[in-house]
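Residue-level listing of the chains:
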Amino acid sequence: MNLSFAKPDDAIRPIHILDETAAPDWLKKQPQAVQDWVTTHDFKGALGQALLLPNDAGAVIGYGNEQTRARGRFHLAAGAAKLPAGTYTLVSDLDADTLATEALGWLLAKYRFDRYKDQPPMRAHLIAPDGINATQIEAIANGEALSRTLINTPASDMGPPDLEQAARDLASTFEAEVSVILGDDLLEQNFPMIHTVGRAADRAPRLIDMTWGTTGPKLTLVGKGVCFDTGGLNLKPGASMGLMKKDMGGSAAVLGLAHMIMATGVPVQLRVLIPAVENSVSGNAFRPQDILTSRKGLTVEINNTDAEGRLVLADALALADEDNPDLIISMATLTGAARVAVGPDLAPYYADDASLVAALEAAALTSADPVWRMPFHAPYESMIEPGIADLDNAPKGGFAGSITAALFLRRFVEQSRYMHFDIYGWQPTAAAARPKGGVGQGTRTLFAALPDMLNL
Ligand code: BES
Ligand code: MN
Ligand code: ZN
């Protein structure tokens, strides 16, 4: 799928963006035929309203009011999706940041997941508005489309080998390098927890390592690539397992972000690490009370095989940290507790470094990708210490489940600045430019924050 702006042709229709206050004033100035048409169709400027005008007068899209806009992110997209086939250009006095967001929303509204069934495409195409960086917006849209498609693809076609192939495909587009650590001996010796979690599945566990760029600060992204999470021997009940194809959402997010970075040539030395596994059930599955020795040497008592994400991430984070990059960011559908705390719309994140937080919060304001800071609360460290091993993967009691998971991960990063996202990765009900299904979270805000976070 390639999401892009239209090339100018000879039949471009102007779209007037009208909020509920501006709509009546604008209407009064129109020819009678247009006034009658707009009134007949009851266009009042509400969000999501769109109407093609008679006599080649273009179209109108409603822009609602402050309250209705505050409830969503992309305010043109729903209207745009209703317009008939054609090439359109925006007429408005919106500021450049807002126009850029709306243009992005238009492109995202074109996203379709059509691998298994044809889906009718959106037929209204947008000319890139003046004053926005069209290439950048297309890169963001296509990075997001990649994240969505990777998540939407079910585990039958998105197992560890397929996730590896997806990374290889992305790498070949941008001349990045990929190496994969695979096989019982190599993986077991070097990444024992990735091997342990993934060994019960028919499709072999692996660590995907992609690198791109030769100058600039080192940025390492680590994404949870659990292609399906049954829970393991601590089997999830059906209702909880139902969405677990999305448990590689963190890896989908980091690959989407990597697309944005590489497509726009951000001057960094990028590394993407993805532990790709299925958390499956078999005679050789890992068990509750097993004690694992991680790559870093820390021992981990397994108290729930369903807390597998932190195990595979821990070994990948240890590798990331050995290289002492300027910044490590992990992204993972790590805990149900994060979903309970903030719901599917916000991307909860953890960071100790105030400058990283400031950069991220500033970027979030214009990225249509809200984030919410959570605490690496040190007094809870004792909760992840079981006594007979260094760490417990699933503290009893379930207090602060997202925080204790984040604290667990932090134990594996010692040298580098570190940021962690506990995302949901799924849009449960369709919204403008965000169909039901897989969704990137935190990626657009991170992309916008990178220059600040890395002093580029
Ligand atoms: N992949 C799940 C977390 C998850 C569940 C994310 C639902 C989004 C929606 C993860 O592997 C998991 O099962 N976590 C457990 C940890 C617990 C056993 C300590 C959880 O959150 O219940
Ligand atoms: Mn799990
Ligand atoms: Zn999981």
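Refer to the structure above for everything that follows.
Below or above, wherever it landed, is the structure these notes cover. (Residues numbered from 1 in each chain as written. Chains lettered and ligands numbered in written order. Predicted model: local features only at pLDDT ≥ 70, side-chain atom pairs only at ≥ 80, totals over all residues. Heavy atoms only, no water.)

## Describing the packing of aromatic side chains
Consideration 1: All told, the structure shown has six aromatic pairs when counted by the stated rule.
Consideration 2: When the centroid spacing of 5.4 Å and the interplanar angle of 45° are considered together, the rings of Y350 and F376 count as tilted. Of the two residues, Y350 sits in strand β14 (residues 347–351) while F376 sits in the loop between β15 (371–374) and β16 (391–392), which places them 26 residues apart along the sequence. Both residues of the pair, Y350 and F376, count as buried. (Phe/Tyr/Trp six-rings, centres within 6.5 Å; stacked < 30°, edge-to-face > 60°. Helix = DSSP H or I, 4+ residues; strand = E, 2+ residues; numbered from the N terminus. Buried < 20%, exposed > 50% of the residue type's maximum accessible area, 1.4 Å probe, protein only.)

## Focus: the coordination of the zinc ion (ligand 3)
Consideration 1: Distances from the zinc ion (ligand 3) to its protein donors, K224 (NZ), D229 (OD), D247 (OD) and E308 (OE), fall within 2.0 to 2.4 Å.
Consideration 2: For the zinc ion (ligand 3), the six donor atoms in the first shell make angles of 78 to 175° at the metal, a pattern classed as octahedral.
Consideration 3: In primary sequence terms, the donor set of the zinc ion (ligand 3) follows K-x4-D-x17-D-x60-E.
Consideration 4: In this structure, the zinc ion (ligand 3) lies 3.1 Å away from the manganese ion (ligand 2), the two metals sharing D229 as a donor. One end of the pair, K224, is in the loop between β8 (218–223) and β9 (225–229); the other, D247, is in the loop between α10 (238–241) and α11 (249–263), with 23 residues separating them in the sequence.
Consideration 5: Judged by its relative accessible area of 1%, K224 is buried. (Donors = N, O, S within 2.8 Å, 3.2 Å for Na, K, Ca; no water. Tetrahedral: all angles 85-135°; square planar, octahedral: opposite > 155°, others 65-115°.)

## Digging into the coordination of the manganese ion (ligand 2)
Geometry sets the ideal angles at a metal, namely 109.5 degrees for four tetrahedral donors and 90 or 180 degrees for six octahedral donors.
Consideration 1: The coordination sphere of the manganese ion (ligand 2) contains the protein donors D229 (OD), D306 (O), D306 (OD) and E308 (OE), at a distance range of 2.0 to 2.2 Å.
Consideration 2: Here the manganese ion (ligand 2) binds six donor atoms, and the angle range of 73 to 171° at the metal identifies the geometry as irregular.
Consideration 3: Owing to a relative accessible area of 3%, D229 belongs among the buried residues under this scheme.

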